[in-house]
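Each chain, written out:
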Amino acid sequence: MILAWVISLLLLCSSLIVYLERLTVLRMIQVQTIEHAHERFITAEKSVLECENNITNLSALTENNCFIQPAGKNQWLISSKEKPTIQVHVLANEKSGVVTRLNWRQAFE
C-alpha cells in the first residue's frame, strides 16, 4: 500500500515537472513573439514618420517605404508597406511647411 502511494506521488511530481517545462517554453516563445512584433511595429512607424516629415518634398525620400495618397485639400493618407500596416492621416500646411498628424490607426487585413 505504501509502495503504491509513493509511486503515485512520483508520477504526480514527474507530470508536474513536464507541465512546468512546457509552460516555460511557451512563455519563452511568447516573449520572443512580442519582441519581434514590437520591432516590426517600430520599423513601420519610422518609415511612416520619414514619409510624413518629407510629405512636402517627396523627391527627398531616398527609399519610399510608404504608400502616399491624397485625401483632400492638403490632406494625405500615408500607409506603411511592411507589416503591421500603419495608416496616418496628415494635414500639410503649404505656407509654413508644418505637417500635422490628424490621426493614425493600425490596418488589419
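Structure's up top.
Because the structure is predicted, anything quoted here is derived from the model rather than measured. (Residues numbered from 1 in each chain as written. Predicted model: local features only at pLDDT ≥ 70, side-chain atom pairs only at ≥ 80, totals over all residues. Heavy atoms only, no water.)

Remarks on the overall build of the protein
Step number 1: Scanning the protein from N- to C-terminus turns up one helix and four strands.
Step number 2: Along the protein, from the amino end to the carboxyl end, the secondary structure elements read α-β-β-β-β.
Step number 3: Relative to the compact-globule value of 13 Å for 109 residues, the protein shows a C-alpha radius of gyration of 26 Å, a clear excess of over 25%.
Step number 4: With the principal axes as the frame, the protein shows a C-alpha extent of 90 × 25 × 25 Å.
Step number 5: Taking all 109 residues of the protein together, the buried fraction comes to 18%.
Step number 6: Taking the contacts inside the protein whose residues are at least 6 apart along the sequence as the reference set, 27% of them involve residues at least 24 apart.
Step number 7: With the model as given, the accessible surface of the protein reaches about 8,400 Å², and the carbon-plus-sulfur share is 63%. (Helix = DSSP H or I, 4+ residues; strand = E, 2+ residues; numbered from the N terminus. Rg over C-alpha atoms; globule rule 2.2 N^0.38 Å. Buried < 20%, exposed > 50% of the residue type's maximum accessible area, 1.4 Å probe, protein only. Contact = heavy atoms within 4.5 Å. Areas by Shrake-Rupley, 256 points an atom, 1.4 Å probe, with all protein chains shown as cover.)

Brief notes about the state of the cysteines
Step number 1: A complete count under the given rule lists one disulfide for this structure.
Step number 2: What pairs with cysteine 51 in a disulfide is cysteine 66, and their sulfur atoms sit 2.3 Å apart. Measuring the twist about the S-S bond at about 100°, one finds the cysteine 51-cysteine 66 disulfide to be right-handed. Here cysteine 51 is found in helix 1 (residues 2–53), whereas its partner cysteine 66 is found in strand 1 (residues 66–70), with 15 residues between them in sequence. Grouping residues by exposure puts cysteine 51 and cysteine 66 together as buried. (Disulfide = S-S within 2.5 Å.)

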